[in-house]
Amino acid sequence: MAEFLRAWGYSVPRELAKATSKSMMAIGSKDTMAHVARALGEGVPIRHASHPYDALIYAGADPADVYIIDVRAVSGDVDVTSLFEALHRANSQGTFVALSDEPISLPSFVGRIGRNDAQQLRAFLMPEAAAQPGAPLQASAGAASEEPPRSLAAGGSSR
């Protein structure tokens, strides 16, 4: 319903936006969190896990719809591929993004975006907002989105 209203240029009531928005988690440093928050804009709640183990605990208790992992920030603590696989087991319908400038081997369900490419991150996670420049974002933590997850590794199509 929220997508229909947005598509036709209507404002979306706050309660409906909350019910249809994606919950997001940024995993990495404070700088990672700041970058993701700037890229997605105000009004998009993002949980932050500074350590990968915290992210796994959060994923088990209250899985996010989207996991954004700064590969350089967490690779010293854990094996990144194993981290993605564990998060995927907690939420197989989630969207998974690796922020990395280096070409790395990732599971097929993970999309890779440059660490500082805010525009691509926004377009990948919020295509409806990227398609409407200047459109206010209506997002909040809450229920899972009805939109299927996407992966850059799969060419931007649904899994």
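You'll find the structure just up there.
Since the structure is predicted, the reported quantities are computational estimates derived from the model, not experimental observations.

Draft legend 1. Fine view of helix H6 (residues 80–90). Three or more residues of H6 are buried, namely Val80, Leu83, Phe84, Ala86, Leu87 and His88. Lining the buried residues of H6 we find strand S1 (24–27), helix H4 (52–61), strand S3 (66–70), helix H5 (71–74), strand S4 (95–99) and strand S5 (110–113).

Draft legend 2. Inspection of the nonpolar core at higher detail. Met25, Ile27, Tyr67, Ile69, Phe84, Leu87 and Phe96 are the most contacted members of the largest nonpolar core, which has 19 residues in total. Contributions of two or more residues to this core are made by S1, H4, S3, H5, H6 and S4. With 4 residues, the top contributor of residues to this core is H6. Non-local contacts of Phe84, meaning those with residues more than four positions away in its chain, are made with Ile69, Phe96, Val97, Ala98, Leu106, Pro107, Phe109 and Val110.

Draft legend 3. Layout of the sheet that holds S3. Spatial strand order, S2-S1-S3-S4-S5: 5 strands in an open sheet with parallel pairing. The sheet is open, and its two edges are formed by strand S2 (46–49) and S5, each paired on a single side. On average, adjacent strands in this sheet sit at an angle of 20° to one another, irrespective of strand direction. As defined by bridge partners, S4 adjoins S5 across 4 bridges and the pair is classed as parallel. Its bridge partner lying in S5, Phe96 is registered against Val110. Running at roughly 135° to S2, H4 makes contact with S1, S2 and S3 of the sheet. Together, S1, S3, S4 and S5 form the strand contacts of helix H7 (residues 118–125), whose direction differs from that of S4 by roughly 175°.

Parameters at a glance
- Residues numbered from 1 in each chain as written.
- Predicted model: local features only at pLDDT ≥ 70, side-chain atom pairs only at ≥ 80, totals over all residues.
- Heavy atoms only, no water.
- Buried < 20%, exposed > 50% of the residue type's maximum accessible area, 1.4 Å probe, protein only.
- Helix = DSSP H or I, 4+ residues; strand = E, 2+ residues; numbered from the N terminus.
- Contact = heavy atoms within 4.5 Å.
- Core = buried A, V, L, I, M, F, W, Y, C linked by side-chain atoms within 4.5 Å.
- Pairing = 2+ DSSP bridges.
- Axes fitted to C-alpha atoms, helices over the stretch in contact; angles between N-to-C directions.

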